[in-house]
Amino acid sequence: MRWDEMSNRRRSSLLVLASAEFAVTAAAVVDLWCRPQADVRGRKALWWLGIFVQPVGPLAYLLWGRLRGERPESAPTVG
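Caption draft 1: Here's a closer look at the side chain of Thr25. In this fold, Thr25 is placed in helix α1 (residues 8-34). Residue class for Thr25 comes out buried when judged on its relative accessible area of 11%. A distance of 2.9 Å separates a polar atom in the side chain of Thr25 from the backbone oxygen of Glu21.

Caption draft 2: Summary view of the packing of aromatic side chains. For the structure on display, the rule yields 2 aromatic pairs. Between Trp33 and Trp48, the ring centres sit 6.4 Å apart and the planes meet at 75°, which makes this aromatic pair edge-to-face. Of the two residues, Trp33 sits in helix α1 while Trp48 sits in helix α2 (residues 44-51), which places them 15 residues apart along the sequence. Assessed through its relative accessible area of 67%, Trp33 is described here as exposed. Aromatic side chains Trp47 and Tyr61 sit 5.5 Å apart centroid to centroid with 65° between the ring planes, which places their arrangement in the edge-to-face category. Taken together, the positions of Trp47 in helix α2 and Tyr61 in helix α3 (residues 56-65) put the pair 14 residues apart, joining distant regions of the chain. Residue Tyr61 is classed as buried on the basis of its relative accessible area, which comes to 0%.

Basis of the calculations
Residues numbered from 1 in each chain as written. Predicted model: local features only at pLDDT ≥ 70, side-chain atom pairs only at ≥ 80, totals over all residues. Heavy atoms only, no water. Helix = DSSP H or I, 4+ residues; strand = E, 2+ residues; numbered from the N terminus. Buried < 20%, exposed > 50% of the residue type's maximum accessible area, 1.4 Å probe, protein only. Polar contact = N/O pair within 3.5 Å; in protein donor to acceptor, adjacent residues only side chain to side chain. Phe/Tyr/Trp six-rings, centres within 6.5 Å; stacked < 30°, edge-to-face > 60°.

Nothing here speaks to function; it is all geometry.
Listed below in structure tokens is the structure:
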């Protein structure tokens, strides 16, 4: 279906979903870039490839690719 053939509701839904996918991918990219290899499950090179398999790659990395309880050292701390 072409953009000009879509209803306003469908266009809005598509923009919201695309924005969410972009945000999750950006978060995964920033996290993987800043996180040391020791705090990543598996090899970072494979996660780099996996992150760009949409939409499951970035979600898989954020859910299973990071070691729990660990934060990248370059991340600011609050408090």
